[in-house]
Amino acid sequence: MNQNNVSGTSGASGWVLGLVLGAVIGAMEQSLAGLVVGALLGYLLAQVAHLQRQLSGLQKRATTEPVPRSAPVEWPAAQAAAPSSVVAPAPVEPAAVVAAPVVPPPEPVEEPAASSAWSPPASPPQPRAPSMLNKAIERAWTWLRGGNPLARAGIVILFFGAAFLARYAAERTYVPVELRFVFIGAGAMVLLLLGWRLRAKRRLYAHILQGGGVAGLYLTVFAATRLYQLVPPGFALSLMVVVAVTSAVLAVAQSSLPLAVIGTAGGFLAPILVSTGAGNHVALFSYYTVLNLGVFTVAWFRAWRVLNLIGFVFTFGIAGLFRATAYGPEKMVSTDAFLVLFFLMYVAISILFSLRQKPDLRGYVSGSLVFGLPVAAFTMHATMVSHIPYALAWSALALGAFYLALAWMLLRSGRDTLRLLAEAFAALGVIFASLAIPLGFDTQTTAAMWAVEGAGLLWLGVRQQRALARAFGVLLQMASGVAYLHGAASLHTGTPILNSAYIGTVMIAVSGALSAWWLHRAAERVSRHEQGFEFAFVLWAALWWVGGGVVEIHRAWPAQSLGAILTFLAASGVALETLGARVAWPAMRRIAVALLVPAVLIGLLQALQLGHPSVRAGALGWPLLLIAYYRLLWRCERAADEGMNAVLPALHAAACWLLALLVAWESSWQIRQSLTGVWSLLPWGLVPAAILWALTVHTPRPEWPLARHAATYRRLAALPLVAVAAAWVLAINLSSDGAADALPYVPLLNPLDISVALILAVLLRYGVMMASGEAPMVTTAQRRPLIAAFAALSFLWLNAALLRALHHELGTPLHAHGVAHSTVAQAALSIFWGLLGFGAMILSSRRGWRLLWIAGAAMMAIVVVKLFLVDTAGSGTLARIVSFLTVGVLLLVTGYVSPLPPPRREETSP
């Protein structure tokens, strides 16, 4: 062995030698001082070895290796360079021909680089696309910088400050109330007049000032009337009418949407800011009626969506707040009358807007007003009249008739801008007329009628190219499901299958399936987002079909529920796939395969609740489900569906996992009925190992699916089985004592240890298969972690087997605390670890496995440390003496047979 190898290996053995010397000193001194001395000695030996290795490398490079030629430097601006000079060999490091700063390498290399060439700098990284949050912040900042941000913020703050000042002054000062309101009104007039004067010079600024002045006048009139009764209600109403009309005239005259928004919002906020909580709802709603007249007046001249939305939100939002906090039955007539009035006003505003501009019902503004108005109004109306019999049914019918009449009138007008609004009103009429059904009939009738009506509307919308009709058909079918679930507890469940509960689910499912089929046939005539409804309806129909069938089986045949459910789901999947193949409908075939997921989940949940998979006819249902499962996979492969091909590997793997789970679960349960001890735990490790062994044969059988999809099963399906088997080995060795009913315990020849040995053999076989062959599935870099994991698992098993043998033969404890304080157990572990280290070092010397020698040396070092830190607790015992003597002998023999690791080579792992 040359000097370089000796120096290279002395660093690895320095620590071991130091620890051994320290152990001798510690044993002589009966203290841990020797261990500390050994550690320091090992460190010094390692450092000396490292310096010696560096010196040997430098000497070898300087004396034996030829000096390379200097490579020409390629500059980016020139295409040619002067030829490089040849430097003669010298016993020292050669100097570079081209003078340039030289950066020393971070650590010595074995061979110098042959040449160096200039490489262009790397291109800068491409900037990432901004996130949604960054976009929102950028838009907010852009809006803030636009216009006059200071004026915008200032007028809002000024308005709120005036309102708070009015309340503060009313509570804490003695200024006459009349004078306070004079000041506030005067300030509002100043803002209004100043804004009017500046309308030509500073248009945006002037509009903001005028809006603040209008809001201040609203505040002044309302507070003077409601809080202090300084102005008679009739006169106050007249003043607010004047302010509303003035605001509308100014906004329309100057075509100022900000002025209209500020004035309207200020008017709506005024009663909220000065409210004392004891107001008159008639006065409040009368005031809001005046404000809404202003919104209506503006809508007569300008098509401003935002203004209409602000009025709608404030009106019905505050009305809803009043209904929730201050409403009483004695206020029903007056409150409902105002609610109807507000509803009619905003219906008229919607029509006025459509006369000037075609409504964009997809936008949040127009859509909220057209569709949100009847929802908000009818909801509040329903909360007030729900105690009257059939009042809601008649109200829904009246509202539906109202919208249908409006739609007919708008269509008769012949205006193109009103056509979309007329269709929306017609749809609302159908919805509210349909809503009268559940309000006047029972749940069974409601669900059935809505489902059929929704399917009919969707079919009509497809035939007549009406998007709204299709949308309402979808909504009605969703509503039918909600209505069914709401009254499911009261449904009649008499004769099996032929009862209203099950027939209702069948009607909803069939309606959904027909809707999906009509959308599929009209895929080229519907919008892109509606094309996704096809699969949604197929899924909707399948869920109702499965849910209704499962519930009915549980109710009618509880003794065979698991097997009947699995059979029902398997037959449903086969039927759907057959239907989809017959009519060339890919969505139906895909949902048939997707049906396997709830089938498996329902079956497993049932088995978990009942105890094992074969209970309640499960022994018949699970095989039928697996047969249907593989039949669907085979049919999907023949159909060459690209969408299904992407998920077929996962489905094959899931089938393999399901089979392993069912066999292990049922085997464990059956064994537990007749045997005790470790027997019932063995299937959870042996079944995954058996399937792994079947997958590792050279040509798996049967041809389909194993041989045809060998890569899928060996990679995707096998890896979780490997993890489960390894986890079982870990868990069983940490928790079980290995006792087996009807058999005596024999070390290593007992059911537990034999099973662990078989599983480890299968894991090793699988690892070898993955790392060998023409196309190995495990790279060279991945082999060492896998080998280390396997070695750790084997080491754990051998230690556990030793402790179990001691437990059964000598009565030593098995729990962690007992093992840690057992002198016999600790001495046995020390001897066992020493033997393992000794065997590893001897084997490495014969095979030339350097890493194995280092591992064995590390094991020996751990044993030495353990002797002094742990085993010394049993001072004076025979176990301590035996462990020290045994380990000492092993160290001496190892030092003679294999004192140094094998020389370094390319392949350092076994």
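None of the values given here were measured: they were computed from a predicted structure.

Peer 1: Describe in detail a nonpolar patch on the surface, supporting the description with residues and values.
Peer 2: A surface patch of nonpolar side chains, about 460 Å² in accessible area, is lined by V746, L748, L749, I754 and L758. On the secondary structure map, L749 appears in the loop between α27 (710-735) and α28 (751-771). Judged by its relative accessible area of 62%, L749 falls in the exposed class.

Peer 1: Would you mind going over the side chain of S395 in detail, with residue names and values included?
Peer 2: Among the structural elements, S395 can be located in helix α13 (residues 391-413). Assessed through its relative accessible area of 16%, S395 is described here as buried. Reaching out from S395, the side chain makes a polar contact with the side chain of H381 at a distance of 2.8 Å. Every residue in contact with S395, bar those within four places of it in the chain, is listed here: F378 and H381.

Peer 1: Give a detailed account of the side chain of E534, specifying residues and quantitative values.
Peer 2: Examined against the element boundaries, E534 turns out to sit in helix α18 (residues 528-556). We note that E534 is buried and unpaired, the nearest opposite charge coming from R590 at a distance of 8.0 Å. Dropping the residues within four chain positions of it, E534 is found in contact with A516, L519, H520, W585 and A587.

Peer 1: Please set out the packing of aromatic side chains residue by residue, giving values where relevant.
Peer 2: Taken as a whole and judged by the stated rule, the model has 18 aromatic pairs. Their ring planes at 90° and their centres at 5.4 Å tell us that F285 and F322 sit as a pair that is edge-to-face. Residue F285 is located in helix α9 (residues 281-301), and its partner F322 is located in helix α10 (residues 305-325); the two are separated by 37 residues in the primary sequence. In this pair, the class of F285 matches that of F322, namely buried. Linked through ring pairs, F285, F322, F338 and F342 together constitute an aromatic cluster.

Peer 1: An account of the pattern of salt bridges is requested, with residue identities and associated values reported.
Peer 2: With the rule as written, the count across this model stands at 6 salt bridges. Among the salt bridges present, the one from E577 reaches R631, with a minimum N-O distance of 3.6 Å. In this pair, E577 sits in helix α19 (residues 561-582) while R631 sits in helix α22 (residues 618-639), placing the two residues 54 residues apart along the sequence. When its relative accessible area of 31% is taken as the criterion, R631 is described as partly exposed.

Peer 1: Before we move on, can you summarise helix α25 (residues 683-696) with the specific residues and values?
Peer 2: Helix length check: α25, at 14 residues, gives a terminal C-alpha distance of 19 Å against a target of 20 Å (1.5 Å per residue), a fit within 8%. Of the residues making up α25, those classed as buried are P683, G685, V687, P688, A689, I691, L692, L695 and T696.

Peer 1: Explain unusual backbone geometry to me, and be specific about the residues and the numbers.
Peer 2: Between R701 and P702 the backbone carries a cis peptide bond, its omega angle lying at 5°. Looking at the element boundaries, P702 is found in the loop between α25 and α26 (703-707). With omega at 15°, the peptide bond leading from W704 into P705 counts as cis. When you line up the elements, P705 lands in helix α26. Of note, the phi angle at A584 is positive, near 55°, even though the residue is not glycine. Position of A584 relative to the elements: it lies in the loop between α19 and α20 (586-594). For L748, which is not glycine, the phi dihedral falls at a positive 70°.

Rules behind the numbers
- Positions within a chain are numbered from 1, following the residues in the order the chain's sequence is written.
- Whole-chain, interface and lining totals are the exception, using all residues; otherwise, since this is a predicted model, local features are given only for residues with pLDDT of at least 70 and side-chain atom pairs are given and counted only at 80 or more.
- Heavy atoms throughout the structure, all of them, feed into the side-chain values; hydrogens and water do not.
- A patch consists of residues whose relative accessible area exceeds 30% and which take part in no salt bridge; residues with like charges are grouped when within 9 Å of each other, and nonpolar side chains (Val, Leu, Ile, Met, Phe, Trp, Tyr) when within 5 Å.
- Each accessible area is a Shrake-Rupley result for a 1.4 Å probe, and residues are judged covered by the shown protein chains and nothing else.
- By salt bridge we mean one thing: a side-chain nitrogen of Lys or Arg within 4 Å of a carboxyl oxygen of Asp or Glu.
- Helix and strand assignments follow DSSP, with helices taken as H or I runs no shorter than four residues and strands as E runs no shorter than two, numbered in order from the N terminus.
- Residue exposure (1.4 Å probe, protein chains only): buried if accessible area is under 20% of the type maximum, exposed if over 50%, otherwise partly exposed.
- What qualifies as a polar contact is a pair of N or O atoms within 3.5 Å, subject to a donor-acceptor requirement within protein and to the restriction that residues adjacent in sequence count only when both atoms come from side chains.
- Should any heavy atoms of two residues lie within 4.5 Å, those residues are considered in contact.
- His is not counted, nor are the chain ends; Lys and Arg add positive charge and Asp and Glu add negative charge.
- Side-chain rings of Phe, Tyr and Trp (the six-membered ring for Trp) are treated as a pair once their centres are within 6.5 Å; stacked means planes under 30 degrees apart, edge-to-face means over 60, and tilted covers the remaining angles.
- To estimate how far a helix should extend, the number of its residues minus one is multiplied by 1.5 Å.

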